[in-house]
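Each chain, written out:
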Amino acid sequence: MKNFTFVIIDDNPKNRLKTKATAESFQNLTFLAMADNYEDGIDIVLEYHPDVIFLEIDPQEEESNLSLAFINELHRYLSVIPKIIVTTTNDALCLQSYKYGVFDYLINPIETKELRKSIFRLDKESSNSTSSTVSSKVSSPSIIVPDVAKVESTVIETEITPIELVTVEVQEKVVETNESHISSEEINDVEETELIDDKIDISEEVASEPKENNTTFEIKGGKDKPLIICVKSYGDYRYIDAKDICYLQADNNSTDIHLNTGEMITAFKTLKHFEGVLSYPFVRIHNSYILNIDYVSRIHTGNAVCHIKNTTTKLPFSKSYKENIDAIITSIASGNYLEI
């Protein structure tokens, strides 16, 4: 089965995490990015060029501007539109969606069995388009239909079939081509010999000249590499692997970044700024905290706290972010998970 990349565009954080977890349970689906509004959604599509877009068209917040008009906007920039899988809680928009050429329509929260059907259809359609492209490139042999009367007279007089006539003509052409090819090769050999002699003289001159140091350093793109955060301050560049961050804590107009080593680094950006630039697995759980859910060891909904792995740290979460906590629980449960 062919591999496909995907992005998620949905203003509901719980649905985003659920869709991501469900899609990533299939080995041939690779997550690239997610966005919660129209503008950021267009940006990640143009940046990552995904094969599939999971798109919410009936958002909770009108400010996100998510709708079927998103598809029209893609046509302004792309000649080939990714496959659009609409994900929404409103099944009344199904018919209208197919008028926009969407590939499939799934109801949130997405069920694994329904997504599996979509993936198999997608793979089948991709295989069919590939095979049709290959077949169109293979030219069919031309068939020459000779005059019937002439063929019959030729068979009677010489007992040579039309196929043999064609074969004789082809062989004669091949012989002529080979002869001309041999003669051209002899000419080329003479020319190449002269060129080699000239190159020997030139190479001896170059060898006697001093060599310059032309060492260059090639900078390669790092989209496939893990995210690195740079905390910059007056020429001091501090590089942090995002996977090493346990949580971020607001401190007035700055943010304290807490690492899994126990170290704390201060960045002169607000927590709101980090909420806007960081995506999964970083989730806002409180006005003062953003949590990396990979470091959650315990969630106590009664006491409204999250425990951090291998530490005694407990982070509070507020009622206004209770939906994000539910999404974290769902995301963890959708992985390799055993509940006792």
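Rules and cut-offs
Residues numbered from 1 in each chain as written. Predicted model: local features only at pLDDT ≥ 70, side-chain atom pairs only at ≥ 80, totals over all residues. Heavy atoms only, no water. Helix = DSSP H or I, 4+ residues; strand = E, 2+ residues; numbered from the N terminus. Buried < 20%, exposed > 50% of the residue type's maximum accessible area, 1.4 Å probe, protein only. Contact = heavy atoms within 4.5 Å. Areas by Shrake-Rupley, 256 points an atom, 1.4 Å probe, with all protein chains shown as cover. Salt bridge = Lys/Arg side-chain N within 4 Å of Asp/Glu carboxyl O. Axes fitted to C-alpha atoms, helices over the stretch in contact; angles between N-to-C directions. Parallel < 35°, antiparallel > 145°, perpendicular 65-115°, else oblique. Left-handed = near helix turned anticlockwise from the far one by under 90°. Nonpolar A, V, L, I, M, F, W, Y, C, P; charged D, E, K, R; others polar. Core = buried A, V, L, I, M, F, W, Y, C linked by side-chain atoms within 4.5 Å. Pairing = 2+ DSSP bridges.

Caption draft 1: How the structure looks around the overall build of the protein chain. Scanning the protein chain for helices and strands turns up nine helices and 15 strands. A total of 340 residues make up the protein chain; the buried ones form 33% of that total. Sequence separation of at least 24 residues holds for 53% of the intrachain contacts in the protein chain that already meet a minimum separation of 6. Per element, the accessible surface of the protein chain, about 22,900 Å² overall, is 51% carbon and sulfur.

Caption draft 2: A look at the environment of Asp294. The topology assignment puts Asp294 in the loop between β12 (289-292) and β13 (296-300). Its relative accessible area of 45% is what places Asp294 among the partly exposed residues. In this view, Asp294 contacts Pro281 and Lys309; residues no more than four positions away in its chain are not counted.

Caption draft 3: Inspection of the pattern of salt bridges at higher detail. Across all of its chains, the model carries 11 salt bridges by this definition. Where Lys83 meets Glu125, a salt bridge forms, and the shortest distance between an N and an O atom there is 2.4 Å. With Lys83 in strand β4 (residues 83-88) and Glu125 in helix α5 (residues 112-137), this pair connects stretches of sequence that are 42 residues apart. Glu125 sits in the partly exposed class, given a relative accessible area of 34%. A salt bridge links Asp326 to Lys322; its shortest N-O distance comes to 2.8 Å. Separated by four residues within a single helix, Asp326 and Lys322 lie in helix α9 (residues 322-333), roughly one turn from each other. By relative accessible area, which is 31% here, Lys322 ends up partly exposed. Overlapping salt bridges bring together Lys272, Glu275 and Arg284 as one network.

Caption draft 4: Structural view of the packing of helix α2 (residues 38-48) against helix α3 (residues 69-77). At a minimum axis distance of 11 Å, the contact between α2 and α3 shows a crossing angle of 40 degrees. With respect to their mutual orientation, α2 and α3 come out oblique. α2 and α3 meet at a crossing whose hand is right-handed. Where α2 approaches α3, its residues Tyr38, Gly41, Ile42, Val45 and Leu46 are matched on the opposing element by Ala69, Phe70, Glu73, Leu74 and Tyr77. In terms of residue class, the contact of α2 with α3 is built from eight nonpolar, one polar and one charged.

Caption draft 5: Broad picture of the nonpolar core. Core analysis: the biggest nonpolar cluster contains 22 residues, and Ile9, Val45, Ile53, Leu55, Phe70, Leu74 and Ile84 have the highest contact counts within it. Of the residues forming this core, the biggest block, four residues, is contributed by α2. Excluding residues that lie within four positions of it along the chain, Leu55 makes contacts with Ile9, Ser67, Phe70, Ile71, Ile84, Ile85, Val86 and Thr87. Ranked by size, the runner-up nonpolar core spans 17 residues in total, among them Phe31, Phe103, Ile119 and Leu122.

Caption draft 6: A look at the sheet that holds strand β8 (residues 245-251). Taken in spatial order, the five strands make up an open sheet running β10-β9-β8-β12-β11, and their pairing is antiparallel. Lying at the two open borders of the sheet, with one neighbouring strand each, are β10 (264-267) and β11 (282-286). Neighbour-to-neighbour, the strand axes of the sheet open up by a mean angle of 25 degrees, direction not taken into account. α9 contacts β11 and β12 of the sheet and is inclined by roughly 140 degrees relative to β11.

None of this, on its own, says anything about what the molecule does.
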